[in-house]
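Analysis of the macromolecular model
Residue-level listing of the chains:
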Amino acid sequence: MADSDYSQKDFIGEQVKHEDVVTITRVRSDRVFYRQFIRDPNQAKTSGHPRWYGDKFDLKDDQTWTEPDEVHHVPFTTKKGRQLTVTISGWKQMLMRGTKNYKMNNHPFTLLQIVVRAQERNSIWKPMWLIVIGSRRDELSLVDCYQCYRQRYDMEHLFRFGKQRLLMTSYLTPDVHHEENWFKLTLLSSVNLWAARKLAVVLPRDWEQYLKTNKSIKITPSLVQRDFSRIITTLGTFAKFPKRRGFSSGRIKGYKKAPRTRHDVIKKGSKKSTENLKAP
């Protein structure tokens, strides 16, 4: 799952090379796509380049929309008890314009429109558009694709909390393996905070008077982290005390460590640039 910045052909063109990967990205409401052109078998073949793209599908012009191939209505209730209905419309075998490096006419996708409606009015927010691309995309239903994309918001909160409170990006090392291990440790720490949420006690600071008066306050990861030192002291540990193994002999006399390879500094480009979205 990814946001609209990753809906460009530079990123998707690399993802479709993997057979078992299904990519769900959001797209802007001003994009233009095309229906896949299917030639009539009774029509005589003509000379010249074969036609790839059919009718235009402009997201901001509903006059160019055709009837969706599938429509699903999913009712749900918000945390405040409000009754809403999600209408998921899907158009299959859609295409986007490609380039010389990325032949997107060979990779059709499914286009989804998500509309949230309430009982008292037609729609609450602007329609959200998603594309589902990958050779195994048909194994997922429209509802599955919508539920999968909703998990992206949980991922964004995890990254934000991990960077601010779990030091996810604070460990600087030139070794990729060490960086990956550190990233896994931060994920394990977030899992520990989730597992200890029922053991945590709210410890409000002096200026957090609302935490003292509200008895039904929701335990957040930040509150669990604040009380985690007390929790781990009550749990105990099975680890043994470290033992002295002697003194290290150190490096051999005359040993010279090879210097690390110098690399060019990669500067972040503008928002409109998509070069940093290319898959490795």
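Being a predicted model, the structure only gives us computed values, none of them experimental. (Residues numbered from 1 in each chain as written. Predicted model: local features only at pLDDT ≥ 70, side-chain atom pairs only at ≥ 80, totals over all residues. Heavy atoms only, no water.)

**Structural notes on unusual backbone geometry**
Note: most peptide bonds trans; most residues except glycine with negative phi. Spelled out, the test is: Relative accessibility decides the category of a residue: with a 1.4 Å probe and only protein chains considered, values under 20% of the type maximum give buried, values over 50% give exposed, and everything between is partly exposed. Numbering of helices and strands starts at the N terminus; helices are DSSP runs of H or I of at least 4 residues and strands are runs of E of at least 2.
Phi at Gln93 takes a positive value of approximately 55°, unusual for a residue other than glycine. A relative accessible area of 31% means that Gln93 is categorised as partly exposed. A positive phi angle, near 60°, is found at Leu167, a position not held by glycine. For Leu167, the location among the structural elements is in the loop between helix H2 (142-165) and helix H3 (176-195). Given the relative accessible area of 45%, Leu167 is considered partly exposed.

**Considering the pattern of salt bridges**
Selection rule: Here a salt bridge means any side-chain nitrogen of Lys or Arg lying within 4 Å of a carboxyl oxygen belonging to Asp or Glu.
Taken as a whole and assessed by the stated rule, the structure comprises 10 salt bridges. Measuring nitrogen to oxygen at the nearest pair gives 2.9 Å for the salt bridge that ties Glu70 to Lys92. With Glu70 in strand S4 (residues 70-77) and Lys92 in strand S5 (residues 83-95), this pair connects stretches of sequence that are 22 residues apart. Judged by relative accessible area, which is 27%, Glu70 ranks as partly exposed. For Lys92, a relative accessible area of 32% puts it in the partly exposed group. Here the residues in one salt-bridge network are Asp20, Arg136 and Glu139, joined through shared partners.

**A word on the layout of surface pockets**
The condition that has to hold: With a 1 Å grid laid over protein atoms only, a set of points is called a cavity when a 1.4 Å probe fits there but cannot get out and a pocket when it is open yet has protein on both sides within 12 Å along at least five of seven lines; lining residues have an atom within 4 Å of a point. Grid points are joined across faces, edges and corners, and a volume is the space filled by probe spheres set on the points. Lys, Arg, Asp and Glu make up the charged group, whereas Ala, Val, Leu, Ile, Met, Phe, Trp, Tyr, Cys and Pro make up the nonpolar group; the residues left over, Gly among them, are polar.
If you add up the space inside the largest pocket, you get close to 740 Å³. As for the largest pocket, its lining consists of 23 residues, of which Phe76, Trp125, Tyr146, Arg150 and Tyr153 are closest to the centre. At the level of elements, S4, strand S6 (109-118) and H2 are the ones that each hand at least two residues to the lining of the largest pocket. Classifying every residue of the lining of the largest pocket gives 12 nonpolar, three polar and eight charged. The volume enclosed by the second largest pocket comes to roughly 560 Å³. Looking at the second largest pocket, it is lined by 18 residues, and the ones nearest its centre are His157, Leu158, Phe161, Thr220 and Pro221. The greatest single-element share of the lining of the second largest pocket, amounting to seven residues, is contributed by H2. Of the residues contributing to the lining of the second largest pocket, the split by class is eight nonpolar, five polar and five charged.

**What to know about the pairing of S4**
We count it as follows: By the convention used here, strands pair only if DSSP detects at least 2 bridges between them.
In this sheet, S5 lies alongside S4 in antiparallel orientation, the contact comprising eight bridges. Following the sheet pairing, Val71 is matched in S5 by Ser89. Counted between consecutive antiparallel strands, the loop separating S4 from S5 contains five residues, among which Gly81 sits at a positive phi close to 85°.

**Things to note about the domain arrangement of the chain**
Which entries qualify depends on this criterion: Start and end positions for the domains come from either an automated domain assignment or a database one.
Segmentation of the chain into domains returns domain 1 (2-39 + 47-140) and domain 2 (176-235). Between domain 1 and domain 2, the C-alpha centre-to-centre distance is 39 Å.

**So, the pairing of strand S2 (residues 32-36)**
Pairing of S2 with strand S3 (residues 53-58) involves four bridges; the strand directions are antiparallel. The residue of S3 that forms the bridge with Val32 is Asp58.

**Quick look at the packing of aromatic side chains**
The line we're drawing: Centre distance within 6.5 Å is the pairing criterion for rings of Phe, Tyr and Trp, where only the six-membered ring of Trp is used; planes under 30 degrees apart are then read as stacked, over 60 as edge-to-face, and the remainder as tilted. Should the NZ of a Lys or the CZ of an Arg lie within 6 Å of a ring centre and within 35 degrees of the ring normal, that charge is described as sitting over the ring.
What the rule picks out here adds up to 10 aromatic pairs. A connected cluster of aromatic rings, assembled from ring pairs, spans Phe57, Trp65, Trp91 and Trp129. Cation over ring: Arg97 sits above Tyr53, and NZ or CZ is 4.3 Å from the ring centre.

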